[in-house]
Amino acid sequence: MKTKKVYLTEDEMPRQWYNVLADIKMNPPLGPDGNPLSPDDLAPVFPMNLIEQEVSTERWIDIPEEVLSVLSIWRPSPLIRAYSLEAALDTPARIYYKYEGVSPPGSHKPNTAVAQAYYNKAFGIKKLTTETGAGQWGSALAFACSQFGLECKVFMVRISFDQKPYRKSMMGTWGATCIASPSTETQAGRGVLENDPDTPGSLGIAISEAIEAAVTDPSGETRYSLGSVLNHVMLHQTIIGLEAKKQMEKIGEYPDIVIGCAGGGSNFAGLAFPYVLDKINGKDIAIYPVEPEACPTLTRAPFAYDHGDYACMTPLLPMYSLGHTFVPPPLHAGGLRYHGMAPTVSQLLSEGILEAKAVNQLSTYKAGMLLAKTEGVIPAPETNHALACVIDEAKKAKEEGKEKVILFNYSGHGLIDLQAYDKYLSGQLENIALKEDTIEESQKVLDQYPKPELLKST
Ligand SMILES: *Cc1c(COP(=O)(O)O)cnc(C)c1O
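In what follows, the accompanying structure is described. (Residues numbered from 1 in each chain as written. Predicted model: local features only at pLDDT ≥ 70, side-chain atom pairs only at ≥ 80, totals over all residues. Heavy atoms only, no water.)

Description of the pattern of salt bridges
Thought 1: Per the stated rule, a full pass over the model turns up 20 salt bridges.
Thought 2: Salt-bridge contacts for Arg167 lead to Asp417; the nearest nitrogen and oxygen are separated by 3.2 Å. Linking Arg167 in helix α7 (residues 165-173) with Asp417 in the loop between β15 (405-410) and α17 (418-425), this pair joins segments that are 250 residues apart in sequence.
Thought 3: Under the relative-accessibility criterion, Arg167 is labelled buried at 2%.
Thought 4: Several salt bridges share partner residues, and in doing so they unite Arg75, Lys98, Glu100 and Glu243 into one network. (Salt bridge = Lys/Arg side-chain N within 4 Å of Asp/Glu carboxyl O. Helix = DSSP H or I, 4+ residues; strand = E, 2+ residues; numbered from the N terminus. Buried < 20%, exposed > 50% of the residue type's maximum accessible area, 1.4 Å probe, protein only.)

See the structure below:
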């Protein structure tokens, strides 16, 4: 039989993460006074061991044994060849996916949640607060906290809180508390509700609430945890790409194209950064982050300094941003509704090392349906964005008659997103176009901040 899946044993799991900061230049995050932030400024929000990782420029960072041990519940994750999808597309391309849907919460997110829970626990923290969009991050952190005996409180974006009830049940099962954001529990939440009681919420608003809840806890034993965007999150996710590289090597393959969907950038970075290292060292490889047309951070927004959250509690980060007041339309891929993008991913895009793609909502579900009917697996709506791009590239390979090797990240399964599939199946989903005026309007908040320098790493 042909090789369908490539596995690694626990002993073959990578023992170090890859830190892209060793290989690229970055604009620094800026504090409220407009000056570069010092690590101490972050101490009320994050434990110092994670802050050290956030600013580290060491290329390889050891993964603690305690973290590897929890990751081994589902890692190494399989690399799977999509033969039936290839056949359906009649493409000469060979399509592989890294299956991150095998984790207990069902996505790539516990790769960093487990590491973050471990480092907080090691620092003496008792409770973590966070926000969640579609609920994957909240459930990932709830799972991780339960593994390390930490308390967990999750502010969930209102629209997803209403649309995706089962992730709340997962969080509850793992012992976490989950409330809808904006909430009346924080100043940030109350402020938004006063202006707009029916708001669908946004990740930016929920982040403000979670940070406020952490820094105002009088015990001093609560910290905040972020599931994407930050450097240390990208770092923890690189285990995906490092495993994928070993797996591809085992079967004598190397990708021509690497693809991941991008919300805050973490699953994309996780798969892509180990290949970015190769590209910086001269490999000819195309690397595509894919986003929704309805939240076009990488394809239509400027590279700017902006806050990571609605209430401007986070430092100014150098990133592609639609503006922190941007409230994206209620598209179903909740995890891709963020106004900004990881500074590392942004830097690489600004240098042309990455090329961003945007896809419309209907094409993503069409792609997901095709994968379900060929390979059998039902992907998360977010993953479908990567998949829509994979299908485009496989068709191009056919037109050009080229045997391209395409590798994409299957960031999560869609078994808790079936309501969105129902809507697609009954014709209730539409493409959501964003008018240029809307984008220009939301970007006005960026005018007040300094502009990042255009740096060249290579
Ligand atoms: C959260 C999520 C995403 C988007 O977040 P990134 O940080 O961009 O990876 C994508 N896919 C799935 C399944 C998710 O849960």
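Describing helix α14 (residues 343-350)
Thought 1: Counting buried positions over the eight residues of α14 gives seven, a clear majority of the element.
Thought 2: Along α14, the residues classified as buried are Pro343, Thr344, Val345, Ser346, Gln347, Leu348 and Leu349.
Thought 3: The inward-facing, buried residues of α14 abut α10 (231-237), α12 (266-280), α13 (297-300), β12 (303-307) and β13 (316-320).
Thought 4: Immediately downstream of α14, the backbone of Gly352 shows phi near 80 degrees, a positive value. (Contact = heavy atoms within 4.5 Å.)

So, the site of the ligand
Thought 1: If you check the shell around the ligand, you find 18 residues, and the closest are Lys109, Ser228, Gly263, Asn267 and Ser411.
Thought 2: Side-chain polar atom of Ser266 to an oxygen atom of the ligand: 2.7 Å apart, as the coordinates give it.
Thought 3: Across the complex, the protein chains shield 98% of the 380 Å² of accessible surface that the ligand would expose by itself.
Thought 4: Tallied by class, the residues present in the shell around the ligand amount to four nonpolar, twelve polar and two charged. (Near = heavy atom within 4 Å. Polar contact = N/O pair within 3.5 Å; in protein donor to acceptor, adjacent residues only side chain to side chain. Areas by Shrake-Rupley, 256 points an atom, 1.4 Å probe, with all protein chains shown as cover. Nonpolar A, V, L, I, M, F, W, Y, C, P; charged D, E, K, R; others polar.)

Topic: the sheet that holds strand β4 (residues 79-81)
Hydrogen bonds between backbone groups are what pair the strands of a sheet, and the pairing can be parallel or antiparallel.
Thought 1: Reading across from one edge, β1-β4-β5-β15-β10-β11-β14 is the order of the seven strands in this open sheet, with mixed pairing throughout. Of all strands in the sheet, those with a lone pairing partner are β1 (5-6) and β14 (357-359), marking the two edges.
Thought 2: Note that β4 and strand β5 (residues 94-99) share three bridges and pair antiparallel. Bridging from a neighbouring strand, Leu79 pairs with Lys98 of β5. (Pairing = 2+ DSSP bridges.)

Considerations on the sheet that holds strand β8 (residues 177-181)
Thought 1: Read from one edge of the open sheet, four strands run β8-β7-β6-β9, paired in parallel fashion. Each edge of the open sheet is held by one strand with a lone partner, namely β8 and β9 (222-224). Pairs of neighbouring strands in the sheet enclose a mean axial angle of 25 degrees, with direction left out of account.
Thought 2: In terms of strand pairing, strand β6 (residues 127-132) meets β9 through three bridges, oriented parallel. Residue Thr129 lies in a different strand from β9, and its bridge partner there is Tyr224.
Thought 3: Helix α9 (residues 203-215) rests against β6, β7 (151-157), β8 and β9 of the sheet, and its axis sits at about 170 degrees to β6. (Axes fitted to C-alpha atoms, helices over the stretch in contact; angles between N-to-C directions.)

Observations regarding the environment of Phe155
Thought 1: Structurally, Phe155 can be placed in strand β7.
Thought 2: Residue classification places Phe155 among the buried positions, given a relative accessible area of 1%.
Thought 3: With 24 residues separating them along the chain, Phe155 and Ile179 place their C-alpha atoms 5.2 Å apart.
Thought 4: The residues touching Phe155, leaving out its near neighbours within four places in the chain, are Thr130, Glu131, Thr132, Ile179, Ser181, Ser183, Thr186, Ala206, Glu209, Ala210 and Ala213.

What about the nonpolar core?
Generally speaking, a soluble globular protein has its nonpolar side chains buried in company with each other.
Thought 1: Tyr224, Phe273 and Ile287 are the most contacted members of the largest nonpolar core, which totals 58 residues.
Thought 2: Of all the secondary structure elements, the ones that give two or more residues to this core are β7, α9, α10, α11 (239-250), α12, β13, α14 and β15.
Thought 3: Counting residues per element, this core draws most heavily on α12, at eight residues.
Thought 4: Filtering out sequence-adjacent residues up to four positions away, Tyr224 remains in contact with Val45, Phe46, Thr129, Thr130, Glu131, Ile207, Ala210, Ile211 and Ala214.
Thought 5: By size, the runner-up hydrophobic cluster in this structure holds 37 residues, among which are Ala113, Ile125, Phe143 and Ala176. (Core = buried A, V, L, I, M, F, W, Y, C linked by side-chain atoms within 4.5 Å.)

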